[in-house]
Amino acid sequence: MRETTDNASDRPQITASHRELLDQVLDKWSLQVLDELCEQPLRFNELRRAIPVVTQKSLTAALRRLERNGMVERVITNSRPIAVEYRITPLGKTLQELIDALLHWTTVNMPDVRRAREQFDDEA
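This structure is a prediction, so every number in the text was calculated from the model and none was measured.

Visitor: What's the story with the sheet that holds strand S1 (residues 42-43) in this structure? I'm lost.
Guide: By definition, the strands of a sheet pair up through backbone hydrogen bonds, in either a parallel or an antiparallel sense. Spatial ordering of the open sheet is given by S1-S3-S2, a layout of 3 strands whose pairing is antiparallel. Edge positions in the sheet fall to S1 and strand S2 (72-77), since each of these pairs with one other strand and no more. Both S1 and strand S3 (residues 83-88) contribute to a ladder of 2 bridges, which runs antiparallel. Bridge pairing in S3 places arginine 43 opposite glutamate 85. In the packing of helix H2 (residues 28-39) onto the sheet, the strands contacted are S1, S2 and S3, and the crossing angle to S3 comes to about 95°.

Visitor: I'm lost on the packing of H2 against helix H4 (residues 56-68) in this one. Help?
Guide: The axes of two packed helices give the description: the angle between them and the distance between them. At a minimum axis separation of 9 Å, H2 and H4 run at an interaxial angle of 75°. As the angle between them shows, H2 and H4 are arranged roughly perpendicular. Together, Trp29, Ser30, Val33 and Leu34 of H2 and Ser58, Leu59, Ala62, Leu63, Arg65 and Leu66 of H4 make up the contact between the two elements. Residues belonging to the contact of H2 with H4 are distributed by class as follows: 7 nonpolar, 2 polar and 1 charged.

Visitor: Would you take a moment to explain the pattern of salt bridges for this structure?
Guide: Pairing between side chains of opposite charge can happen when their charged atoms approach one another. Under the criterion given, the structure shown has 3 salt bridges. In this structure, aspartate 27 engages arginine 65 in a salt bridge whose closest nitrogen and oxygen atoms are separated by 3.2 Å. Placement of the pair is aspartate 27 in the loop between helix H1 (16-25) and H2 and arginine 65 in helix H4, with a sequence separation of 38 residues. You can call aspartate 27 buried: its relative accessible area is 17%. Owing to a relative accessible area of 25%, arginine 65 belongs among the partly exposed residues under this scheme. Here glutamate 85 makes a salt bridge to arginine 87, at a shortest N to O gap of 2.8 Å. A relative accessible area of 31% places arginine 87 in the partly exposed class.

Visitor: How should the pairing of S2 be read in this particular structure?
Guide: Strand residues, when the strand is regular, have side chains that alternate between the two faces of the sheet. Of the strand pairs in this sheet, S2 and S3 are connected by 6 bridges, and their pairing is antiparallel. Across the sheet, arginine 74 pairs through a bridge with tyrosine 86, a residue of S3.

Visitor: Got a minute to help me understand a nonpolar patch on the surface in this structure?
Guide: A grouping of Leu22, Leu26 and Leu102 is seen on the molecular surface, where their side chains present a nonpolar patch of about 250 Å² in accessible area. By the secondary structure assignment, leucine 26 is in the loop between H1 and H2.

Visitor: Looking at this model, I keep getting lost on the environment of leucine 42. Mind explaining?
Guide: Considering the arrangement of structural elements, one finds leucine 42 in strand S1. Placed 42 residues apart in sequence, leucine 42 and valine 84 show a C-alpha to C-alpha distance of 8.6 Å. If sequence neighbours within four positions are ignored, leucine 42 has contacts with Glu36, Leu37, Leu47, Glu85 and Tyr86.

Visitor: I would appreciate a short explanation of the side chain of threonine 89 in the present structure.
Guide: Looking at the secondary structure, you find threonine 89 in the loop between S3 and helix H5 (90-93). Polar contacts involving the side chain of threonine 89 include one to the main-chain carbonyl oxygen of glycine 70, which spans 2.5 Å.

How each quantity is defined
- Sequence order as written defines the numbering, with residues in each chain counted from 1.
- Side-chain atom pairs in this predicted model are given and counted only at pLDDT of 80 or more, local residue features only at pLDDT of at least 70, and totals for whole chains, interfaces and linings cover all residues.
- Where side-chain values are given, they derive from all heavy atoms of the structure, hydrogens and water being excluded.
- For two strands to count as paired, DSSP must find a minimum of two bridges between them.
- Helix and strand assignments follow DSSP, with helices taken as H or I runs no shorter than four residues and strands as E runs no shorter than two, numbered in order from the N terminus.
- By the convention used here, residues are in contact when the closest approach between their heavy atoms is within 4.5 Å.
- All axes here are fitted lines through C-alpha atoms, helices being fitted over the stretch that makes contact, and every angle between N-to-C directions spans 0 to 180 degrees.
- Here roughly perpendicular refers to angles of 65 to 115 degrees, roughly parallel to angles under 35, roughly antiparallel to angles over 145, and oblique to all remaining angles.
- Residues are grouped as follows: Ala, Val, Leu, Ile, Met, Phe, Trp, Tyr, Cys and Pro are nonpolar; Asp, Glu, Lys and Arg are charged; all remaining types, including Gly, are polar.
- Just to be clear on terms, a salt bridge is a Lys or Arg side-chain nitrogen sitting within 4 Å of an Asp or Glu carboxyl oxygen.
- Each residue is assigned to one of three classes by its accessible area relative to the maximum for its type, calculated with a 1.4 Å probe on protein chains only: buried under 20%, partly exposed between the two thresholds, exposed over 50%.
- Patch rule: a residue counts if its relative accessible area is over 30% and it has no salt bridge; like charges are joined within 9 Å, and nonpolar side chains (Val, Leu, Ile, Met, Phe, Trp, Tyr) within 5 Å.
- Here the open area of atoms and residues is found with the Shrake-Rupley method and a 1.4 Å probe, where only the protein chains shown may cover a residue.
- The term polar contact refers here to a pair of N or O atoms within 3.5 Å; inside protein, the definition further demands a hydrogen-donor-capable atom paired with an acceptor-capable atom, and it admits residues adjacent in sequence only when both atoms are side-chain atoms.

All quantities given are derived from atomic positions and should not be read as evidence of function.
And the structure:
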């Protein structure tokens, strides 16, 4: 065990496992799927309509990643015809506040980011 007087060592360290989980849960489509499912359970085609720019393949992959990581569950309904509905899990619901905070941060800071990008591009 290493000794240190720096409090930074008390902070969680970003490991490969952390990066993998964050990559899978916070990617472009997963964020939108989680946001939609936090509002209400939806069928696959309802999700596609709610996120019209996502392809069927990308949506399927995002749902599978989220299901594998315990954020979303597939529920088969006993209707005619049989339907599959996707629902946010209690674990997935814990991300809503974080997603809202990130969205708020991007909204507030987007003008500064745009200016920084323009300055960078002008100097490049």
